Amino acid sequence: MDNDLCASRLLEPDAPGSRFKSEVAVKRIGILGGTSAESTVSYYSRITREYTRRFGDFSYPEILIYSVSFQEIADWQAQGDWDAIAEKMADAFGVLAAAGADIGLIAANTLHRVYDAVAGRSPIPLVHIVDALATAIRAAGCSTVGLLGTRYTMRESFYSDRLSSHNIVALVPTSAQQEEIHRVIHEELSRGILRPASRAYYLRVIDSLAERGAEGIILGCTEIPLLVGEDDHALPLFDTATIHADAALEAALS
């Protein structure tokens, strides 16, 4: 079974405030969250609010959340034990499916490193964050973008390779910049700490990527949009949490 769902654009209602109409039952969404709790909240808020913005009522899809232990995941990442992470995630989607979820999503960029292993074991189809992101990047007319994220997302090839399959080139910060970006994510953003100095640093990194030819910037950790928003820079900033949540909403309504 193909457990990979791609993104396209949701249809607008027939008239302002009209309810969503479909002959197909709305699917229940299962979110694997907790990495971190800060971004998991943003997924829930975006899906429910975006539905109401589009259709005017509160008949948004039912949502189930499996919040894993972030510390357990972080420890396995530090140890390089991605097999343990994949097993934990696959088990989580089994729980979500048993609870009634029809489709699933991993509310984190870094954990998509093991997407294929997890999707192959998941009893429900999953929405891939990079496929949804690529649709948004191409719609914005970009082909070369800067990538901010955890050190795993920036340094390893799983993310840039998936973008490359969509004919999108990803530029990453220098090694020193990657370490500071990663530190801010784990020591500040994942704890709900937003510091002006960190925002200023991120914007300087974005400037350096723009000088190297980036036409837009991927906020490739779902916590980064808590710190840097679309109004903070002239380049288009691609909020992966919002893009992914919108793709999940579309899948639920399709």
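These numbers were taken from a predicted model, which means no experiment stands behind them. (Residues numbered from 1 in each chain as written. Predicted model: local features only at pLDDT ≥ 70, side-chain atom pairs only at ≥ 80, totals over all residues. Heavy atoms only, no water.)

### Concerning helix H9 (residues 196-211)
Taking 1.5 Å per residue as the helical rise, H9 with its 16 residues ought to reach 22 Å, and the 23 Å between its terminal C-alpha atoms agrees with that figure. Of the surrounding elements, those touching the buried residues of H9 are strand S6 (144-148), strand S7 (169-171), helix H8 (175-187), strand S8 (216-219) and strand S9 (237-239). Downstream of H9 by one or two residues, Gly213 has phi in the positive range, about 115°. (Helix = DSSP H or I, 4+ residues; strand = E, 2+ residues; numbered from the N terminus. Expected span 1.5 Å × (residues − 1). Contact = heavy atoms within 4.5 Å.)

### Considerations on helix H3 (residues 82-98)
Compared with the 24 Å implied by 1.5 Å per residue over 17 residues, the 24 Å span of H3 between its first and last C-alpha is a close match. Buried within H3 we find Trp82, Ala84, Ile85, Ala86, Met89, Ala90, Ala92, Phe93 and Leu96. Gly100 occupies a position one or two residues after H3 and carries a positive phi of about 115°. (Buried < 20%, exposed > 50% of the residue type's maximum accessible area, 1.4 Å probe, protein only.)

### Topic: the nonpolar core
Counting residues in hydrophobic clusters, the biggest one holds 35 residues, and the most contacted among them are Ile29 and Ile137. Going through the elements one at a time, strand S2 (29-33), helix H1 (37-55), strand S4 (103-106), helix H5 (129-139), S6, helix H7 (158-164) and helix H10 (240-253) are the ones with two or more residues in this core. In terms of residues, this core owes the most to one element, H10, which gives 9 residues. In contact with Ile137, not counting residues within four places along its chain, are Cys142, Val145, Leu163, Ile168, Ile218 and Phe238. Ile73, Trp76, Ala84 and Leu111 belong to the second-largest nonpolar core, a separate cluster that totals 23 residues. (Core = buried A, V, L, I, M, F, W, Y, C linked by side-chain atoms within 4.5 Å.)

### Considerations on the pattern of salt bridges
If you walk through the whole model with that rule in mind, you get 15 salt bridges. Of the charged contacts in the structure, one is a salt bridge between Arg46 and Glu50, with a shortest N-O distance of 3.4 Å. Placement of both Arg46 and Glu50 in helix H1 is noted, with a separation of 4 residues, approximately one turn of the helix. The class for Glu50 is buried, based on a relative accessible area of 5%. In this structure, Lys88 engages Glu72 in a salt bridge whose closest nitrogen and oxygen atoms are separated by 3.8 Å. Within this pair, whereas Lys88 is found in helix H3, its partner Glu72 is found in helix H2 (residues 70-79), the two being separated by 16 residues in sequence. For Glu72, a relative accessible area of 30% gives the class partly exposed. Salt bridges linked by common partners bring Arg46, Glu50, Arg53, Arg54 and Asp246 together as one network. (Salt bridge = Lys/Arg side-chain N within 4 Å of Asp/Glu carboxyl O.)

### Here we look at the pairing of S6
The element S6 is extensively covered by neighbouring structure, given that 5 of its 5 residues are classed as buried. Taking every second residue as pointing to the same face, both faces of S6 are buried, with Thr144, Gly146 and Leu148 on one and Val145 and Leu147 on the other. Judged from the 3 bridges that link them, S6 and S7 form a sheet pairing that is parallel. Bridged to Val145 within S7 is Ala170. Pairing of S6 with S8, which is carried by 4 bridges, proceeds in the parallel orientation. Residue pairing in the sheet places Val145 in a bridge with Gly216 of S8. (Pairing = 2+ DSSP bridges.)

### Considering the sheet that holds S9
Strand order in the open sheet formed by 4 strands is S7-S6-S8-S9, and the pairing between neighbours is parallel. With partners counted over all chains shown, the strands left at the sheet margins are S7 and S9, one partner each. Taken pair by pair, the neighbouring strands of this sheet meet at an average axis angle of 35°, ignoring direction. Relative to the sheet, H9 contacts S6, S7, S8 and S9, its axis offset from that of S6 by approximately 155°. The strands touched by H10 within the sheet are S8 and S9, with S9 carrying the most contacts at an inclination of about 50°. (Axes fitted to C-alpha atoms, helices over the stretch in contact; angles between N-to-C directions.)

### Considerations on the packing of aromatic side chains
In the structure shown here, the tally under the stated rule is 4 aromatic pairs. A centroid spacing of 4.9 Å and a plane angle of 45° characterise the contact between Tyr51 and Phe55, whose relative ring orientation is tilted. Placement of the pair is Tyr51 and Phe55 together in helix H1, with a separation of 4 residues, close to one helical turn. Considered together, Tyr51 and Phe55 belong to a single accessibility category, that of buried residues. Plain terms: the ring middles of Phe158 and Tyr159 are 6.1 Å apart, the flat faces sit at 80° to each other, and that makes the pair edge-to-face. No difference in accessibility class separates Phe158 from Tyr159, as the two residues are buried. One aromatic cluster in this structure is built from Tyr51, Phe55 and Tyr60. (Phe/Tyr/Trp six-rings, centres within 6.5 Å; stacked < 30°, edge-to-face > 60°.)

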